[in-house]
Amino acid sequence: MLQTPSQTVGPYFAYGLTPEQYLYDFKSLVGNQLVNPLDEPEAITISGQVYDGNGNLIPDAMIEVWDAYNRRFGRFGTGTDAQNRFVFHTVKPGSVDGQAPHLSVIVFMRGQLIHAYTRLYFSDEAAANAQDTVLNQVPAERRSTLIARQTGGGYVFDIHMQGEYETVFFDI
Amino acid sequence: MSQLVYNAFDRDVHPPYLSPDYKSTVLRAPSKPLVVIKHSLSELTGPVFGDIHLGALDHDLTKNARKNGEPLGERIVVHGYVYDENGRTIPNTLVEIWQANAAGRYVHKVDQHDAPLDPNFLGTGRVMTDANGYYKFYTIKPGAYPWGNHYNAWRPNHIHFSLFGPNITTRLVTQMYFPGDPLLQYDPIFLGVPPKGRDLLISGFDLGITEPDFALGYRFDFVLRGQKATPFETV
Ligand SMILES: [Fe+2]
């Protein structure tokens, strides 16, 4: 059988896929708390913004993250934060298949007919990152696009669809 | 010796990132080639919703947002199977649904189309495939709506879907169209799909599931990426 073709998530996914985040009267199955930051002492916050090819913020992207180590999933749209950020509360995952700790990231937006996959690694895992087979497959000058920067309040991971800092996207 | 690996996206049926007639792809399509990676457990796992308890009316968009009466429009029932490429049905997989109302209006703050909202219709729902990979839900046939891509641009009637399948490689977000829609030939989102894939997005009218005196029926099957056997690599 032939695969069903992808189509864009469009601008109006909010009440279908992230209803509680956007204050619609429908229960969300998935949110941005992979862990509850109030009862998880190891909780970290990951946030970021999504940029288009002109360097403008994209306010209608939907970001999904998958933690294969803890088998946890999150989803957040960039349309509710004043800075159009996505924000996730989670813990730093352990290693799966000998890889450096990372989250799988799926990026959806209006203007994208098929979603894009990337990965989020952590800047304070330099030794593990240096050994990671996927990171090592990426040209050295582009690796930093996959590494969330540790800051005072957590980690920052911006996604650039195009341009000098274009995020590395994977064919998986 | 061989092992099963998940197939890649079939680029003969999936749209490309850059599809300039759909104008917003121009600044949002990755410009550099994708990096092909081997599947690890990171890719071969994914969220499992099989044990999540859906709301009793999640599968009935004609009932799940009523305030003071029935939603307006043409009641329809949509059903089908979720398969993998090998023709195996996928049981207990989540199907999320969203759409415009009968007038072509979304309940969304940024939808400025001058068409009425329906107080009794939200336009979102979800359903889990059963043990046979079968799903069915009730809704109102969505209306066409204008959009800003080019002069006099109208989206054909469509329902949006989100599916997961067994892992993150099988993730699919798509749209289902209706047979005979004259707007399809002008829609750059639909036409972004290569010709070989286009018919796969058009539902079929189904008299068999049509409910007498109640709702017209449509059939739409989903096919997610499947697996193939490949020889073990010898290192
Ligand atoms: Fe739509």
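Note that the coordinates shown come from a computational prediction; the quantities given were computed from them, not determined experimentally.

Draft legend 1. The arrangement of the interface of chain A and chain B in detail. Taken together, the 66 residues of chain A in the interface contact 85 residues of chain B. At the junction of chain A and chain B, the tally comes to six salt bridges. Linking chain A with chain B are 42 residue pairs in polar contact (both at pLDDT 80 or more). Looking at the side of chain A that touches chain B residue by residue, the class counts come to 35 nonpolar, 18 polar and 13 charged. Across two bridges, the pairing between strand S11 (residues 170–171) of chain A and strand S2 (residues 35–36) of chain B is parallel. Along S2(B), the bridge assignment pairs A:Asp171 with B:Val36.

Draft legend 2. Looking closely at the pattern of salt bridges. Taken as a whole, this structure holds 20 salt bridges over all chains when the rule is applied. Put simply, B:Glu43 and A:Arg119 hold a salt bridge, and the shortest N to O gap is 2.7 Å. Taken together, the residues B:Glu43 in the loop between S2 and strand S3 (75–84) and A:Arg119 in strand S7 (residues 116–122) connect one chain to another. Here the residues in one salt-bridge network are A:Glu64, A:Arg75, B:Glu96 and B:Arg171, joined through shared partners.

Draft legend 3. Up close: the sheet that holds strand S10 (residues 172–177) of chain B. Residue and element names in this part refer to chain B. What the four strands build is an open sheet, ordered S5-S4-S9-S10; its pairing is antiparallel. Looking at the sheet topology across the chains shown, the edges are occupied by strand S5 (124–128) and S10. Within the sheet, the average angular offset between the axes of one strand and its neighbour, ignoring direction, is 25 degrees.

Draft legend 4. Layout of the side chain of A:Gln112. Note that A:Gln112 resides in the loop between strand S6 (102–109) and S7. Non-local contacts of A:Gln112, meaning those with residues more than four positions away in its chain, are made with A:Thr8, A:Val9, A:Val107, A:Met161, B:Tyr17, B:Tyr22 and B:Arg28.

Draft legend 5. Expanded view of the coordination of the iron ion. Residues and elements named next belong to chain B. In this structure, Tyr106 (OH), Tyr145 (OH), His158 (NE2) and His160 (NE2) serve as the protein donors to the iron ion, at separations of 1.9 to 2.2 Å. Classification of the site at the iron ion rests on its four donor atoms, whose angles at the metal span 92 to 160 degrees, yielding the label irregular. Each donor residue of the iron ion lies on one chain, and together they are spaced Y-x38-Y-x12-H-x1-H. With Tyr106 in the loop between strand S4 (94–99) and S5 and His160 in strand S9 (residues 158–163), the pair connects residues that are 54 residues apart, well separated along the chain.

Procedures and definitions
Residues numbered from 1 in each chain as written. Chains lettered and ligands numbered in written order. Predicted model: local features only at pLDDT ≥ 70, side-chain atom pairs only at ≥ 80, totals over all residues. Heavy atoms only, no water. Contact = heavy atoms within 4.5 Å. Salt bridge = Lys/Arg side-chain N within 4 Å of Asp/Glu carboxyl O. Polar contact = N/O pair within 3.5 Å; in protein donor to acceptor, adjacent residues only side chain to side chain. Nonpolar A, V, L, I, M, F, W, Y, C, P; charged D, E, K, R; others polar. Pairing = 2+ DSSP bridges. Helix = DSSP H or I, 4+ residues; strand = E, 2+ residues; numbered from the N terminus. Axes fitted to C-alpha atoms, helices over the stretch in contact; angles between N-to-C directions. Donors = N, O, S within 2.8 Å, 3.2 Å for Na, K, Ca; no water. Tetrahedral: all angles 85-135°; square planar, octahedral: opposite > 155°, others 65-115°.

That's the geometry; what it means functionally is another story.
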